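Take a look at the letters that make up each chain.
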Amino acid sequence: MNRSRYVSTLLAAGALVLAGCASSGGSTGGVTGGVEEALDENDYHRSAELFLTQAESLGAVERFREALDAALSAIAEDPGNARGYYQAARAQIGLRDYVAADTLFTRTVELFPDYEDDVQLQREAGWITAYNAYIAPADSAAAADASARRGLIEVAVDRLEAAERIYGNRRPEALINLGAFYNQLERREDAIDAFAAALEVIRAPRIQAMLETADSTLALSWLERETVVTFNRAQLLSDAERYEDAAAEYATYLETYPTDIQALSNMAAVLSAAGRVEEAQAIYDDLLAGENLGIRDYYNIGVGLYEAEEFTNAASAFGKVVEVAPQNREALFLQVHSLTLAEEYDSCIPVAMSLLDLDPFNAESSRTLGFCLARAGQDQEAIEHLCRSRDPQAPVPPGCETVDPPAFNVGNATLEARAEGGAAIAAEFTNNSLDPDTPVTIRVHFIGEEGTTVGTTSLRVEAPGQGETSVFQADLTSDEQVIGYYFQIIPPR
């Protein structure tokens, strides 16, 4: 089973994507007095500085171009003088060419190491400009449809990468956002590396020094992100099947939040996957013995037990969810499949019946009930359900001549719950025998953490050609957390 289908990969997006403009922390020190007095100055240097002063005060792009031309002329006339490279780099920052600026700043310090503090201040200023430029496309992406969202996220990533180019691994904000966006772009290894780099910055000794200065507020805001980034990196490592690394990250997270149910469940799952079964089982035993657990907690425990192949206990955990939320389709589905894998077929039958009652137009539900009935020795009852779940386009199996599949099938649903609330769901509609373009009403009920419906979306789906499949999508905008769903289908008359 793919765990990511059932447990959201990352913690709250709002805890990751840092909103608002960045400002200087002043952590690199002030401008070094008297540095430039040690360097020669020619007319080109003076012109470049004048244009830079005008450009930086007015934000005039043309002045930055003039400053760059003057600085390049200064370099041509006196290539060993760091002043021209420093001015050219500042001009390139204004022109948003961060690759060129990075090269020029590096050359500046090579020629004249005393420029280091000034260069660091200028690099941070460039970082702030590039970082703040990501906000507009990121905000637009949050409100865009799926077709436009990826392109906007890629623009935001380009700008964050530019920030890191000019002032890399000195501040965590861009790295944290890059980790979140890389994950959305399915660049998992890049996301893992970005989160690792962010943690390295947050845990660096200089952060502790910042706490004793005027930069303490900024440093505290970075430190507040450490546990969230740690958790999300652990999740990504688990998805990448790097289980030992994931266990180490979860252990770090649990040092701060030792009673976090989801983290404990995830920790047990990766320990089990890493072959450390006894350690995993000890965690599961403690979790199941706990009190005041919610249905999300039991759901996550069930997923972990399922992956650890503790199917009887997994079915029990999912059963706890179903007791509170009997219409949670995924919990019912996982309870049924846990019971089949545990070979507890008699117990499977009533649960599979409940799933079919909830999901009558899903061939998988009929097939599962038929399987449990057959394995429990109830062959006659099994035949009807197995025949109803057959492929209507394939030859009719013996014994199924009088049993037709439903006119259509709704299945392969994927729920994407949003950390800030609400959710989206996509599913497939397969037309078995309806006339093409026949309308079918599908109401998607989204279930919240208390087991009740927190919102409903109604869709009109038109049947594709017979034997063909189409995809429909439903979206719920809500402040409520969503952990499950079920379909209410009104077939055509």
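Rules behind the numbers
- Residues numbered from 1 in each chain as written.
- Predicted model: local features only at pLDDT ≥ 70, side-chain atom pairs only at ≥ 80, totals over all residues.
- Heavy atoms only, no water.
- Helix = DSSP H or I, 4+ residues; strand = E, 2+ residues; numbered from the N terminus.
- Rg over C-alpha atoms; globule rule 2.2 N^0.38 Å.
- Buried < 20%, exposed > 50% of the residue type's maximum accessible area, 1.4 Å probe, protein only.
- Contact = heavy atoms within 4.5 Å.
- Phe/Tyr/Trp six-rings, centres within 6.5 Å; stacked < 30°, edge-to-face > 60°.
- Salt bridge = Lys/Arg side-chain N within 4 Å of Asp/Glu carboxyl O.
- Axes fitted to C-alpha atoms, helices over the stretch in contact; angles between N-to-C directions.
- Parallel < 35°, antiparallel > 145°, perpendicular 65-115°, else oblique.
- Left-handed = near helix turned anticlockwise from the far one by under 90°.
- Nonpolar A, V, L, I, M, F, W, Y, C, P; charged D, E, K, R; others polar.
- Pairing = 2+ DSSP bridges.
- Arc of directions from axis to C-beta.
- Disulfide = S-S within 2.5 Å.
- Expected span 1.5 Å × (residues − 1).
- pLDDT = per-residue confidence, 0-100.
- 1 Å grid on protein atoms, 1.4 Å probe; cavity = no way out; pocket = protein on both sides within 12 Å on 5 of 7 lines; lining within 4 Å.
- Points joined across faces, edges and corners; volume = space filled by probe spheres on them.

**Some remarks on the overall build of the protein chain**
Inference 1: On a plain count of helices and strands, the protein chain comes out with 21 helices and six strands.
Inference 2: What you see for the protein chain is a C-alpha radius of gyration of 30 Å, clearly larger than the 23 Å of a compact globule of 493 residues, by over 25%.
Inference 3: By residue count, 49% of the 493 residues in the protein chain fall in the buried class.
Inference 4: For the protein chain, restricting intrachain contacts to residue pairs at least 6 apart in sequence, the fraction spanning at least 24 positions comes to 62%.

**Digging into the packing of aromatic side chains**
Inference 1: Enumeration over the complete set of coordinates arrives at 16 aromatic pairs.
Inference 2: Judged by centre distance (5.9 Å) and plane angle (65°), the rings of Phe-472 and Phe-487 are edge-to-face. Within this pair, whereas Phe-472 is found in strand β5 (residues 469-476), its partner Phe-487 is found in strand β6 (residues 482-490), the two being separated by 15 residues in sequence. Each member of the pair, Phe-472 as well as Phe-487, is classed as buried.
Inference 3: Linked through ring pairs, Tyr-86, Phe-105, Phe-112 and Tyr-115 together constitute an aromatic cluster.

**Things to note about the pattern of salt bridges**
Charged atoms that come close allow side chains of opposite charge to pair.
Inference 1: Scanning the model with the defined rule gives 24 salt bridges in all.
Inference 2: Sharing partners across several salt bridges, the network here consists of Glu-41, Asp-43 and Arg-46.

**A short note on the packing of helix α6 (residues 135-143) against helix α7 (residues 146-166)**
Inference 1: The interhelical angle for the contact between α6 and α7, taken along N-to-C directions, is 160°, at an axis separation of 8 Å. Accordingly, the angle class assigned to the pair α6 and α7 is roughly antiparallel. The element α6 and its partner α7 pack so that their crossing is left-handed. Listed contacts from α7 to Pro-137, Ala-138, Ser-140 and Ala-141 of α6 are Arg-149, Leu-152, Ile-153, Val-155, Ala-156 and Arg-159.
Inference 2: For the contact of α6 with α7, the per-class residue count stands at seven nonpolar, one polar and two charged.

**Notes on the sheet that holds β6**
Inference 1: Strand order in the open sheet formed by three strands is β4-β3-β6, with antiparallel pairing between adjacent strands. A strand with exactly one partner marks an edge of an open sheet, and here the two such strands are β4 (453-462) and β6. Averaged over all neighbouring strand pairs, the angle between strand axes comes to 20°, with direction disregarded.
Inference 2: The sheet contact formed by strand β3 (residues 439-448) and β4 spans nine bridges and is antiparallel. Pairing of Ile-447 across the sheet is with Thr-453, part of β4.

**With respect to the sheet that holds strand β1 (residues 408-417)**
Inference 1: As summarised here, the arrangement of the three strands in space is β1-β2-β5, forming an open sheet in which the pairing is antiparallel. Sheet topology places β1 and β5 at the edges, where each strand pairs with a single neighbour. When the angles between neighbouring strand axes are averaged without regard to direction, this sheet yields 20°.
Inference 2: Pairing of β1 with strand β2 (residues 423-431) involves eight bridges; the strand directions are antiparallel. By the bridge assignment, Phe-408 is partnered in β2 with Asn-431.

**Thoughts on helix α11 (residues 216-223)**
Inference 1: Considered for burial, the residues of α11 that qualify are Leu-218, Ala-219 and Trp-222. Burial along α11 is one-sided: seen end-on, the buried residues are contained in an arc of 100°.
Inference 2: For α11, the secondary structure elements touched by its buried residues are α8 (173-184), α9 (188-202), α10 (205-210) and α12 (226-239).

**Details of the state of the cysteines**
Each disulfide is one covalent bond, formed between the sulfur atoms of two cysteines.
Inference 1: This structure, assessed with the given rule, holds two disulfides.
Inference 2: What pairs with Cys-348 in a disulfide is Cys-372, and their sulfur atoms sit 1.9 Å apart. Since a negative S-S torsion denotes a left-handed disulfide, the Cys-348-Cys-372 link at about 55° is right-handed. Of the two residues, Cys-348 sits in helix α19 (residues 345-358) while Cys-372 sits in helix α20 (residues 363-375), which places them 24 residues apart along the sequence. This pair shows no difference in class: Cys-348 is buried, exactly as Cys-372 is.
Inference 3: Covalent S-S linkage joins Cys-387 and Cys-400, the inter-sulfur distance amounting to 1.9 Å.

**A look at helix α2 (residues 61-77)**
Inference 1: Relative to the 24 Å expected for 17 residues at 1.5 Å per residue, α2 spans 25 Å between its end C-alpha atoms, a close match to the ideal helical length.
Inference 2: Every buried residue belonging to α2 is among Phe-64, Ala-67, Leu-68, Ala-70, Ala-71, Ala-74 and Ile-75, and all of these are buried.
Inference 3: Contacts made by the buried residues of α2 are with α1 (43-58) and α3 (82-94).

**Considerations on unusual backbone geometry**
Inference 1: Residues other than glycine seldom take positive phi values, yet Glu-241 does so here, at roughly 65°.
Inference 2: One can find Glu-241 in the loop between α12 and α13 (243-256).
Inference 3: Look at Glu-241 and you get exposed, because its relative accessible area is 57%.
Inference 4: Its identity is not glycine, yet Asp-437 carries a phi of approximately 75°, on the positive side.
Inference 5: Turning to its location among the elements, Asp-437 is positioned in the loop between β2 and β3.

**Considering the confidence of the model for the protein chain**
Inference 1: For the protein chain, mean pLDDT is 88; residues scoring 70 or higher make up 92% of the total.
Inference 2: Looking at the elements of the protein chain, mean pLDDT is at its lowest for α10, recorded as 82, and at its highest for α9, recorded as 96.
Inference 3: Overall, residues 1-17 carries pLDDT values under 50, and its contacts beyond four positions in sequence, including any with other chains, amount to 54 contacts.
Inference 4: Here residues 26-34 is a poorly scored stretch, pLDDT under 50, and it has 21 contacts once near neighbours within four places are set aside; other chains count.

**As for the layout of surface pockets**
Inference 1: Empty space within the second largest pocket amounts to approximately 280 Å³.
Inference 2: Forming the boundary of the second largest pocket are 20 residues, of which Ala-363, Arg-367, Asn-409, Thr-430 and Asn-432 lie nearest the centre.
Inference 3: Among the elements of the structure, α20, β1 and β2 are those that each provide at least two residues to the lining of the second largest pocket.
Inference 4: By residue number, the principal contributor to the lining of the second largest pocket is β1, which donates four residues.
Inference 5: In terms of residue class, the lining of the second largest pocket is made up of five nonpolar, nine polar and six charged.

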